[in-house]
Amino acid sequence: MQRGFVDLHVHLLPGVDDGPRDLDATLELAGLEVADGIVTATATPHVASLDVAEIPARVAEVNAALRDAGIPLTVEGGGELAARGAARLSADELELIAHGPAGARWILLEAPLDGSIAILHSAADTLRDAGYGVVLAHPERCHPLFEREMQGLRRELELGSLAQVSSSSLLGLHGIRARRNAVRLLAGGHAGLMASDAHGRRRPPSMTAALAAACELGLDPLEARALCAERPRALLIEGLCPCGQASDGAAPANGAAPDAGGGYVAGRDVSVVRRVAPGAAAPSLTSR
Ligand SMILES: [Fe+2]
């Protein structure tokens, strides 16, 4: 249950942001990832903290160091894009931080911690217009998304965004509101995947603990594992289409059915998000 995780949000590159300060610290964090059951990770530095063109070479350097150190973690390049920075990146730069196969590329977009959801929506629209799917990083930490019956979050989900819940949020590292929001996402079937958003020893990966916490809260164990393993893996392999079609009632390209007023549940793989019909049973997670 607690092996084979895929971590699509981790600050692993050395010396670029508030993650590891040097390569030794990167290797230490990579070791923590492996100990946490993670086999594949995407290095997602804050995009504004480095020249995006350097990411492939920096990731290659990390992978070479991992091989030399005998640490069994495979790292792919990516980036955590701040909402305010979405319109500033060139087409080539967006490609360098995107994941997935051609035709189903997607980008990790940070839900702003200052709660600027109008800017978030605009950034997500910009990415969709450019042909990218959107994975929202830690929406549970952006509290305005949860106001008025999650109106802001529902807007994004209906347009095809996936919600990446951080394991640290579920464990309470970011406060009671973020934890409550994380539980709400899981309970309502709104979570598309779990990721660590780890930064190093002081903020380590915690997927194993979060999976256990989700199970203790009542989430089906296989569903909890899928959030940490199968769905993020499918995102890398099968990708995520921008789903703007949902706004006019057509079936989104990722396989989601038109909105029937119910919750959202990831299906067999993460790129297929189906809606739960009104009145259908949702995961029996108890919010607390
Ligand atoms: Fe992050």
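One can find the structure itself at the top, above this paragraph.
The structure displayed is predicted, hence computed values, not measured ones. (Residues numbered from 1 in each chain as written. Predicted model: local features only at pLDDT ≥ 70, side-chain atom pairs only at ≥ 80, totals over all residues.)

## A closer look at the overall build of the protein
For the record, the criterion: Numbering goes from the N terminus for both helices and strands, where a helix is a DSSP run of H or I of at least four residues and a strand is a run of E of at least two. Neighbour counting defines burial: a residue surrounded by 20 or more other C-beta atoms within 10 Å of its own C-beta is buried, one with 12 or fewer is exposed, and intermediate counts give partly exposed, using backbone-placed C-beta atoms.
Within the protein, the secondary structure is distributed over ten helices and ten strands. The burial tally for the protein puts 50% of its 288 residues in the buried class.

## Quick notes on unusual backbone geometry
Of note, His138 is a non-glycine position whose phi angle comes to about 35 degrees, a positive value. By the secondary structure assignment, His138 is in the loop between β6 (133-137) and α5 (147-158). In this structure His138 comes out as buried when scored by C-beta crowding, with 23 C-beta atoms within 10 Å. Residues other than glycine seldom take positive phi values, yet Glu149 does so here, at roughly 55 degrees.

## Considerations on the nonpolar core
Rules: For this analysis, nonpolar core means a set of buried Ala, Val, Leu, Ile, Met, Phe, Trp, Tyr and Cys residues linked through C-beta atoms within 7 Å. Residues are defined as contacting one another if the C-beta atoms placed from their backbone atoms lie within 7 Å.
Counting 79 residues, the largest nonpolar core has Leu12, Ile107, Leu109, Val134, Val135, Leu186 and Met194 as the members making the most contacts within it. Sequence-distant contacts of Leu12, defined by excluding residues within four places in its chain, comprise Gly19, Pro20, Thr26, Leu29, Ala30, Ala41, Ala43, Val62 and Val75.

## A look at the pairing of strand β3 (residues 74-77)
Keep this limit in mind: Pairing between strands is defined by DSSP: at least two bridges between the two strands are required.
Residues Val75 and Gly77 line the buried face of β3, whereas the alternating positions Thr74 and Glu76 sit on a face that is not buried. Two elements, strand β2 (residues 38-43) and β3, share four bridges in a ladder whose sense is parallel. By the bridge assignment, Ala41 is partnered in β3 with Val75.

## Description of α5
What counts here: One fewer than the residue count of a helix, multiplied by 1.5 Å, yields its expected span. By arc we mean the arc of the directions from the helix axis to the C-beta atoms, nothing more.
In a regular helix each residue adds 1.5 Å, so twelve residues correspond to 16 Å; α5 covers 16 Å between its end C-alpha atoms and thus fits that length. Among all positions in α5, only Gly152, Leu153, Glu156 and Leu157 are buried. Along the long axis of α5, the arc covered by the buried residues comes to 140 degrees, so they all point the same way. Residues of α5 that are exposed and point more than 90 degrees away from the buried face comprise Arg148, Glu149 and Gln151. Gly160 occupies a position one or two residues after α5 and carries a positive phi of about 105 degrees.

## With respect to the packing of helix α1 (residues 23-35) against helix α2 (residues 55-69)
The following threshold applies: For every element, the axis is a line fit to its C-alpha atoms; helices are fit only across the contacting stretch, and the angle between N-to-C directions ranges from 0 to 180 degrees. Roughly parallel means an angle under 35 degrees; roughly antiparallel means over 145; roughly perpendicular covers 65 to 115; every other angle is labelled oblique. Crossing handedness is defined as follows: a turn of the near helix away from the far one that is anticlockwise and smaller than a right angle gives a left-handed crossing, while the clockwise case is right-handed. In this count, Pro and Cys sit with the nonpolar residues alongside Ala, Val, Leu, Ile, Met, Phe, Trp and Tyr, while Asp, Glu, Lys and Arg are called charged and the others, Gly among them, polar.
Taken N-terminus to C-terminus, the directions of α1 and α2 make an angle of 65 degrees; their axes are 11 Å apart at the nearest point. The angle between the axes of α1 and α2 places the two elements in the roughly perpendicular class. Between α1 and α2 lies a crossing of right-handed hand. Facing Leu23, Thr26, Leu27 and Ala30 of α1, the residues of α2 in contact are Val62, Ala65, Leu66 and Ala69. Here the contact of α1 with α2 is composed, by residue class, of seven nonpolar, one polar and no charged.

## Describing the pairing of β2
The cut-off we apply is this: Seen with its strands pointing away from the viewer, a crossover is right-handed if its path from the first strand over the helix to the second goes clockwise.
Looking at chain direction, strand β1 (residues 5-10) and β2 are connected through four bridges and run parallel. Bridge assignment links Phe5 to a residue of β2, and that residue is Ile38. In terms of handedness, the path from β1 via α1 over to β2 forms a crossover that is right-handed. Between β2 and its parallel partner β3, the chain crosses via α2, and the hand of that crossover is right-handed.

## Observations concerning the sheet that holds strand β7 (residues 162-166)
If you walk across this open sheet you meet the five strands as β4-β5-β6-β7-β8, and the pairing is parallel. Both edges of this open sheet fall to β4 (80-82) and β8 (191-195), since each of them pairs with a single strand only. When the angles between neighbouring strand axes are averaged without regard to direction, this sheet yields 35 degrees. With three bridges connecting them, β6 and β7 associate as parallel partners. The partner of Ala137 across the bridge, within β7, is Gln164.

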